[in-house]
Amino acid sequence: MTLAEFEYKYYLHDSDIEKIEYDAENKTLTLTIEFCFWMQNWYDKTTPKNGLIAVTFENVSNYSYDGYEPSKLFSDCTPEILQTEIADDGALIIYTFEFVRYEPGEDLYPVMKIKADNVEVTELERYNL
């Protein structure tokens, strides 16, 4: 699907980014997301509310995340997705919030920007929290 189709179909608010894998050579970016299935318009109430999904962006022409290492695993921070939007140039913008533990006033609000030709979503598992 396109970035616009993805942004329309998947409501990412309150979901957490668990892992980022960026392969510049193959032009792919995969986000592993602890996903709120229950917040989706298409959610089936007979299934578990939360789970993990892998969101793979293909033919990535631009990717940035406020200077973070693309393959960083988050250990001391909890990156929560606040909202998404499609920029005028067609890029997907993901606004995140990272609570910096024990450091008042040090919370971060990094912005991820992705420009890609295609997006695939794979459900990895579901569970109830």
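As shown above, the structure is provided for reference.
What counts, and where the lines are drawn
All residue numbers here refer to positions counted from 1 along the written sequence of the relevant chain. Local features in this predicted model are restricted to residues of pLDDT 70 or higher, and side-chain atom pairs are both shown and tallied only at a pLDDT of 80 or more, whereas totals for entire chains, interfaces and linings draw on every residue. In computing side-chain properties, one takes all heavy atoms of the structure into account and sets aside hydrogens as well as water. To sort residues, take the accessible area from a 1.4 Å probe on protein chains only and compare it with the maximum for the residue type: under 20% means buried, over 50% means exposed, and anything in between is partly exposed. Only DSSP runs of H or I covering at least 4 residues are called helices, and only runs of E covering at least 2 are called strands; the numbering of each starts at the N terminus. Strands qualify as paired when DSSP identifies two bridges or more between them. For Phe, Tyr and Trp, where Trp contributes only its six-membered ring, two rings pair if their centres lie within 6.5 Å, and the inter-plane angle classes them as stacked under 30 degrees, edge-to-face over 60, or tilted in between. Salt bridges are defined as contacts in which a side-chain nitrogen from Lys or Arg sits within 4 Å of a carboxyl oxygen from Asp or Glu.

Asker: Mind showing me how you'd approach the pairing of strand E2 (residues 28-36) here?
Answerer: If a strand is regular, its side chains alternate between the two faces of the sheet. Most of E2 sits inside the fold, with eight of its nine residues counted as buried. The pairing of strand E1 (residues 16-23) with E2 spans seven bridges and is classified as antiparallel. When the sheet's bridge partners are listed, Asp23 is paired in E2 with Thr28. Hairpin connection between E1 and E2: a loop of four residues separates the two successive antiparallel strands, and Lys27 in this loop has a positive phi of roughly 55°.

Asker: Can you help me understand the packing of aromatic side chains in this one?
Answerer: For any pair of aromatic rings, the description consists of the separation of the ring centres together with the inter-plane angle of the planes. Considering all chains together, one arrives at nine aromatic pairs under this definition. Summarising the aromatic geometry, the rings of Tyr10 and Trp42 are spaced 5.7 Å apart at their centres and angled 75° between planes, so their arrangement reads as edge-to-face. In this pair, Tyr10 sits in the loop between helix H1 (3-9) and E1 while Trp42 sits in the loop between E2 and strand E3 (50-58), placing the two residues 32 residues apart along the sequence. On the numbers, 4.9 Å between centres and 40° between planes, the contact of Tyr22 with Tyr63 is tilted. Here Tyr22 is found in strand E1, whereas its partner Tyr63 is found in strand E4 (residues 62-65), with 41 residues between them in sequence. We classify Tyr22 as partly exposed; its relative accessible area is 28%.

Asker: Whenever I open this one, the pattern of salt bridges confuses me. Can you help?
Answerer: Side chains that differ in charge, positive against negative, can pair when their charged atoms come close. Taken as a whole and judged by the stated rule, the model has two salt bridges. The partner of Lys19 in a salt bridge is Glu21, and the shortest N-O contact between them spans 3.6 Å. Among the residues examined, Lys19 registers a relative accessible area of 32% and is labelled partly exposed. Judged by relative accessible area, Glu21 falls into the partly exposed class, the value being 39%. Glu123 serves as the salt-bridge partner of Arg126, at 3.0 Å between the closest nitrogen and oxygen.

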